Structure formats: structure tokens, C-alpha cells
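# Notes for the structure review
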Amino acid sequence: MHRCLLVTEIVRMICAQLQSIALDRERLEDDPFTPVQEYKDTLYSLAVTCRAFKETALDVLWFDLDSLYPLLQCLPVDFHRRSDGCVLLDRALEPEDFEVFQKYAPRVRTVAYRRRSHDLSKDLVRILSNFPCTPGTALLPNLKALVWDGDSDEIMPFFRYLVPPTLIHLHFPGSRWPQCKLSFLSFLHKHIPHLKEFTCIDSDPDALPRIDEYICNAEHLSKVDVGVPGEEAMKHLMKSTTLRHLLISLPPYNLWELVEGAFPPSLTHFTLRAYRLDKAAEYLRTLTLAPTHVTIEVMDDVPGSQVGPFFVQLAKALDRTRLVELQYTIRGVPSDPYSIGQPCELEAASLTPLLVFTNLVTLRLENFRTPLLDDAAVKRMADAWPHLEELKVGTGHDWQTEEGVLRRARLTLWGVGYVAQHCRKLEILGLVFDPTAKCEMIPAHWSNTNIWRFDVGASPIESPVAVAGTLIFLLPGLREIWTKTPVKMFPEDDDSAVEDKRAERWTMVLEMVNVFANVRDMGKSEGREEERGRLKELAEKGMIFRYLRGKKAEEGADSKAGRA
């Protein structure tokens, strides 16, 4: 074995890379459980392969749990799990079992019931709670983050055995709030005095006063996501110097109060969720914020006419020089891009209020349709946001109507070229345009080597060769082209339906761009080799010339000495 593998940090980096690969596969594949299970099997194999790998691999393997069952499975005891969730042991727990438990429990840093919430068994929690823990500690002494979905009357009394006072992140979801859960919330500041991130969404109205009371007594909160805090809690958060991320979720009913005040610049991330844009604008009307990152989440698509007034209010509430990232998401569109309705078409003038944010680096508005966005509007955007590194507008879904007609954009290839040329830091560009429309001649010097991903969304295309010939010079560093799969509005056996080949043609564009790029690089390489050979030849001739010249000088000196 190589000596480098004896270094703990290197082994930890290898294990972390395995986890990163598994998470990427989990996002891309239809089966999210297989990559995670394979990743954990690999870590287990790594731990039993060599003693040098054992401790580090076990630390990473037990770092994040999505169930408490692995803690029971590691014990030398047989248990039976019935279909109703009951867990039965074949014998009572012994001190030797606790010694085994202590080998693994201190390694756990995160417990999150995100994938298998049915594993939250009352019998499992009761069994583990039999193990002793000293006052001020817990069964998982080094636990830092806990996502707890259980709100059963029979489970909540044992919850405190899993919560160490050093916990820094608590996610407390659940729409059901029994008395025992409310009681625990009343003493939360005693159980977890150093909590930094507190999430408590879908709260019952009876829980809101207790949540506000906890916020008012908390001193270390850096992230708060509790729906809509009350007036006293909001006033306390406005004075906080540790708060970095605030998430507000406006309920569909108007049981929330407006709070007037300003948050300090230390609040860098702000997220606002709402069912209606007009209510979101009303909530922002009395607030002053200076975050660097803002996310707006709307639960349903709204008419495009409401977006402009909301952006006007957003520009009034936010600091114009500090904002660097703005994202507007319509809930449901990322998972179902075809769910968006026809009314949600954004007018070009609706984006005008956002032009005041001159330091924007990321702007994501892909959940809109923007057929009215033309070259002039895009030119104003590029001039107002010269620091952009990611721009995505209107690319989040297909643009076909219910009648099967494709909505075409007014934006042309000239507008895309203007953005690429004048936003020099752009790396990801997403715009829906019409390359078949006539436009001005793109200047030959327009080029951006930083753009490596081009999201064309629902852009139509007829001539892949012509488009590829333009992109090879306009975006010479292009590696990816993203497009949206067209919606099948007609049955497959319908002979009247016209086959949509946009995705295939944009794939051809990327292939041609890669071929052109390879030919260009080969030409440059051959040119460099030819230039290198020519310089070498000139250098050799220069050496010969200098040698002959020096030789003649020596002969001349000898002749002069002979005559003397």
C-alpha cells in the first residue's frame, strides 16, 4: 500500500469524494436509494479492508443517518420487526451491548428522516432510550443536526434522550402538534441553549406563541424558518447580530401581522414563500433589507401582470448595491415543467425594476414564459448587469400552448450575442430566442470564452449548421447545450401531428460545435508546430551566420597579425 494512503486526511478526502458521487447520482437517477446504498456498501468494504482505513471510513459511514435502525443493527442482539412497525428483541439489553453502542453512536453527526419516515418506530426509540446517559448528555453526544418528523404522543417523551445540548440544527416539521410536543417546545431553550438553525414549518396556531417565545430568548440563531414570526420575534431578529438566513412562509390565510423595521446587513440570505404575489408585496412594504441572496417562491403560477408591481416593491425593500443573487421559483414547475399556465407570460417591462440591482451575479427567472422579450430589452439587461455569471430567463419549461402551437420569442441571435459580449464574466447563459428570425449582423469580434453552458429552453431551430457556425465563434468555450423536451400534445397515432425535432437538432448543434472546435484546435496546433519549426530553422540559420561571421573575424585578425 502506498504511504500516501496512511495519511488520514487523504483517506477522508477519498471517502468524501465517494459521497459526492453518490449525491450527484441521487439527483440524476430515477432511483434515489441505490446510489446511497452502494456508497455505504463501499465505505463498509473500505473499513473492513485495512486497519489504516477503518476509523476514517467508519466516521464517514456513520456521519449521516436517515434512520435509527443502524444503531440497533450494530448490537449483538436479534430482533424482529413486524409489519405494524413493532420491534421485538430476543433478549434484554446488557452492559456489553452498550459498549458496542458507544463505538458507533459518537460518530453520528446528522440524523434526518428525509427518505424513510416510516422507520420512526416508537419501539425503536424506547429500546435505545434504555441505554444510560449522564445529565447534560444524550445517546448521540456529538449530534449536530436533527430532522425529526415524529409527532406521536408515544415517541415525543423520548425525544429529549436524542437531543444533546450541543445541537446546532433542528428541523421540526409536522402539521400535528400534540401536547407533549408543545411542552417540549416550551423548554426548547433549556434543552438546546446553543441552537443556531431552527426550522419549524407547518406550525399549528397553538405552537406559534411558543415558537415566538423561543426566538425572543435565543441568542445564537443564524437561520430561522418558522413560517411567519410574530411582531416581538421579528423585532428581536432585527436586532440580532448572528442571524444570516431568514425564511418567511406566508400562509394562504391572512393570520399574520405586518412588522415595520429594518434588518442589519449581517442578514445575507432572505427567502420569501407565498401563495399570492400581492400578499408577498404587502408583506415587503414595511420591511427594509440588505441581503446578498434573495429567493422568491410562489406556490402557484400567477398572471404576468402581477409580477411587475411585485418587482417594483422588491426593488424598494432591498438594498440596490448589495444584492448579487436573485431567484424566482414557481412551486411545481421544477418537478413538472408542463404545469405552468398560459397567463404566466412575463412582459419585457416587468423586468425594468430589477435593472437597479447593478451588482447582480446570478439571476434565475426560468419559470416564466418571456415571448415579448426582444433584443432591446436584453440589451438594457446586459448594460445594467455587467457582473453576471449566471443568467437564466424563461428556460424552465416548454412553450407549447394547449393547442400545440409553439410560442416563439422575439429575441434573436443578435440579442444573445450582445449579452455574451457585454457580460464578460458569464459562465451559464439561458435564454429562449428565435434563431430563424432575421436580425442584425453579429460583429465578428463578439466572443465570450467563459460561457460553457448554453440553456436554449424551448428555442426553435431549423438549420443546425448555420447556428453551430455562429456559436463556434460567439461561444468558443461551449461544452453543454440544454434544451427542453417538447410536450407531446397529440397521441402518437395521430397522423396530423407534426413531429417536433427541436431536441434532436440542438443536439446536432452541440456535436457540430465540438467538431468545429476540434478542427480549430488542430489547426491552431499545426500552426503552432509550423511556427515553432520556422523559428527553429531561423535560429539554426542565425547560429550558422554568427559562426561564419565569427570565423571570418578570426581569419581577418590572423591576417593582420601576419602582416604586422
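Conventions we followed
- Residues numbered from 1 in each chain as written.
- Predicted model: local features only at pLDDT ≥ 70, side-chain atom pairs only at ≥ 80, totals over all residues.
- Heavy atoms only, no water.
- Phe/Tyr/Trp six-rings, centres within 6.5 Å; stacked < 30°, edge-to-face > 60°.
- Helix = DSSP H or I, 4+ residues; strand = E, 2+ residues; numbered from the N terminus.
- Buried < 20%, exposed > 50% of the residue type's maximum accessible area, 1.4 Å probe, protein only.
- Core = buried A, V, L, I, M, F, W, Y, C linked by side-chain atoms within 4.5 Å.
- Contact = heavy atoms within 4.5 Å.
- Axes fitted to C-alpha atoms, helices over the stretch in contact; angles between N-to-C directions.
- Parallel < 35°, antiparallel > 145°, perpendicular 65-115°, else oblique.
- Nonpolar A, V, L, I, M, F, W, Y, C, P; charged D, E, K, R; others polar.
- Pairing = 2+ DSSP bridges.
- Right-handed = clockwise from strand over helix to strand, strands pointing away.
- Salt bridge = Lys/Arg side-chain N within 4 Å of Asp/Glu carboxyl O.
- Patch = residues over 30% accessible without salt bridge, like charges linked within 9 Å, V, L, I, M, F, W, Y side chains within 5 Å.
- Areas by Shrake-Rupley, 256 points an atom, 1.4 Å probe, with all protein chains shown as cover.

### A look at the packing of aromatic side chains
- Taken as a whole, this structure holds 15 aromatic pairs when the rule is applied.
- For the pair Phe-198 and Tyr-214, a centre-to-centre distance of 5.2 Å together with 70 degrees between the ring planes defines the contact as edge-to-face. Of this pair, Phe-198 sits in strand E7 (residues 197–199) while Tyr-214 sits in helix H9 (residues 208–217); the two residues are 16 residues apart in sequence, bridging distant segments of the chain.
- Using a relative accessible area of 0% as the deciding quantity, one classes Phe-198 as buried.
- You can call Tyr-214 buried: its relative accessible area is 4%.
- Between Phe-433 and Trp-506, the aromatic rings sit 6.0 Å apart at their centres with planes inclined by 65 degrees, giving edge-to-face as the arrangement.

### As for the nonpolar core
- The biggest cluster of nonpolar side chains holds 153 residues, and the ones touching the most others in it are Phe-198, Phe-263, Phe-310 and Tyr-328.
- In this view, Phe-263 contacts Met-234, Leu-237, Met-238, Leu-243, Leu-246, Leu-287, Thr-288 and Leu-289; residues no more than four positions away in its chain are not counted.

### A short note on the packing of helix H13 (residues 375–384) against helix H14 (residues 413–422)
- Between H13 and H14, the least distance of the axes is 9 Å, while the angle of their chain directions is 5 degrees. Overall, the two elements H13 and H14 adopt an arrangement that is roughly parallel. Where H13 approaches H14, its residues Asp-375, Val-378, Lys-379, Ala-382 and Asp-383 are matched on the opposing element by Trp-414, Gly-415, Tyr-418, Val-419 and His-422.
- Per-class residue counts for the contact of H13 with H14 are five nonpolar, two polar and three charged.

### Re the pairing of strand E18 (residues 453–457)
- Along E18, five of the five residues are buried, which leaves the element largely enclosed by surrounding structure.
- Going residue by residue along E18, you find Arg-453, Asp-455 and Gly-457 tucked away on one face and Phe-454 and Val-456 tucked away on the opposite face as well.
- Where strand E17 (residues 428–431) and E18 come together, three bridges link them in parallel fashion. Directly across from Leu-429, in E18, lies its bridge partner Phe-454.
- After leaving E18, the chain enters helix H15 (residues 464–474) and then returns to the sheet as strand E19 (residues 480–483), a path that is right-handed.

### Some points on the pattern of salt bridges
- Per the counting criterion, the structure on display carries 14 salt bridges.
- As a salt-bridge pair, Asp-278 and Arg-276 come within 2.6 Å of each other at their nearest N and O atoms.
- Of the residues examined, Asp-278 reaches a relative accessible area of 36% and is grouped as partly exposed.
- When the shortest N-O distance is used, the salt bridge between Glu-390 and Arg-364 registers 3.8 Å. Separated by 26 residues along the polypeptide, Glu-390 in strand E16 (residues 390–393) and Arg-364 in strand E15 (residues 362–365) bring together distant segments of the chain.
- Three or more residues are tied together by salt bridges with common partners; here these are Glu-55, Asp-59 and Arg-107.

### As for a nonpolar patch on the surface
- A cluster of nonpolar side chains, Val-515, Phe-516 and Val-519, forms an exposed patch at the surface whose accessible area comes to about 250 Å².
- With respect to the helices and strands, the residue Val-515 is situated in helix H16 (residues 502–563).

### Brief notes about the environment of Met-13
- Residue position: Met-13 is located in helix H1 (residues 8–28).
- A relative accessible area of 61% means that Met-13 is categorised as exposed.
- In this structure, the C-alpha to C-alpha distance between Met-13 and Thr-56, residues 43 residues apart in sequence, is 9.9 Å.

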